[in-house]
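Observations on chain architecture
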Amino acid sequence: MATERTLSIIKPDATRRNLTGAINKKFEESGLRIVAQKRIKLTLEQAQQFYFVHKDRPFYNDLCSFMTSGPVVVQVLEGDNAVSKNRDIMGATNPEDAEAGTVRKDFAESLEANSVHGSDSQENAFIEISYFFSATDIVG
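As the structure is a prediction and not an experimental result, all values here were calculated from the model. (Residues numbered from 1 in each chain as written. Predicted model: local features only at pLDDT ≥ 70, side-chain atom pairs only at ≥ 80, totals over all residues. Heavy atoms only, no water.)

The next subject is the overall build of the protein chain. Across its full length, the protein chain holds seven helices and four strands. What you see for the protein chain is a C-alpha radius of gyration of 14 Å, in line with the 14 Å of a compact globule of 140 residues. Across its three principal directions, the C-alpha atoms of the protein chain cover 40 × 35 × 25 Å. Counting across all 140 residues of the protein chain, residues that qualify as buried make up 47%. Across the protein chain, every contact between residues at least 6 apart in sequence was considered, and the portion connecting residues at least 24 apart equals 78%. Surface exposure of the protein chain reaches about 7,400 Å², of which carbon and sulfur atoms provide 49%. (Helix = DSSP H or I, 4+ residues; strand = E, 2+ residues; numbered from the N terminus. Rg over C-alpha atoms; globule rule 2.2 N^0.38 Å. Buried < 20%, exposed > 50% of the residue type's maximum accessible area, 1.4 Å probe, protein only. Contact = heavy atoms within 4.5 Å. Areas by Shrake-Rupley, 256 points an atom, 1.4 Å probe, with all protein chains shown as cover.)

Have a look at this one:
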């Protein structure tokens, strides 16, 4: 197995409900380590840049507004096959389709307020991690 890093964002709906610890417990119990973490309030410009890949999608403006509605926790998770493992732990994007025990099934409020974001590939993980963290911020 390959040790990888992936970006995780605990979204405003989850931070508002004080779920950071419960969500991180799921990551850690599944073998992922948190090697960088910070709580921030995204500006609209930051959200627009981060989600630029979705700029032509109908949900883009609502997503950016939601992601700036409260604090988020951005973090780097590390472990064997971290990208796919994190996606398994998060569950399907739509919480109605997510498996029992996943973050989105257990904590999401809706399709938009689905509590977490995670990188979808190793390439995107590198780009997304670099958006929020410098190499010196990551302590393995």
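Moving on: the pattern of salt bridges. This structure, assessed with the given rule, holds eight salt bridges. Among the salt bridges present, the one from Glu109 reaches Arg16, with a minimum N-O distance of 2.7 Å. Remark: Arg16 occurs in helix α1 (residues 12-16) and Glu109 occurs in the loop between α6 (103-107) and β4 (116-118); sequence separation between them is 93 residues. What makes Arg16 exposed here is its relative accessible area of 56%. Salt-bridge contacts for Lys55 lead to Asp56; the nearest nitrogen and oxygen are separated by 3.1 Å. By sharing partners, the salt bridges in this structure join Asp13, Arg16, Arg17 and Glu109 into a single network. (Salt bridge = Lys/Arg side-chain N within 4 Å of Asp/Glu carboxyl O.)

What follows is about the packing of aromatic side chains. In total, this model carries four aromatic pairs according to the counting rule given. When the centroid spacing of 4.9 Å and the interplanar angle of 90 degrees are considered together, the rings of Phe50 and Tyr51 count as edge-to-face. In terms of burial, Phe50 and Tyr51 fall into one category: buried. Taken together, a centroid distance of 5.6 Å and an interplanar angle of 55 degrees make the contact between Phe50 and Tyr131 tilted. (Phe/Tyr/Trp six-rings, centres within 6.5 Å; stacked < 30°, edge-to-face > 60°.)

That's the geometry; what it means functionally is another story.
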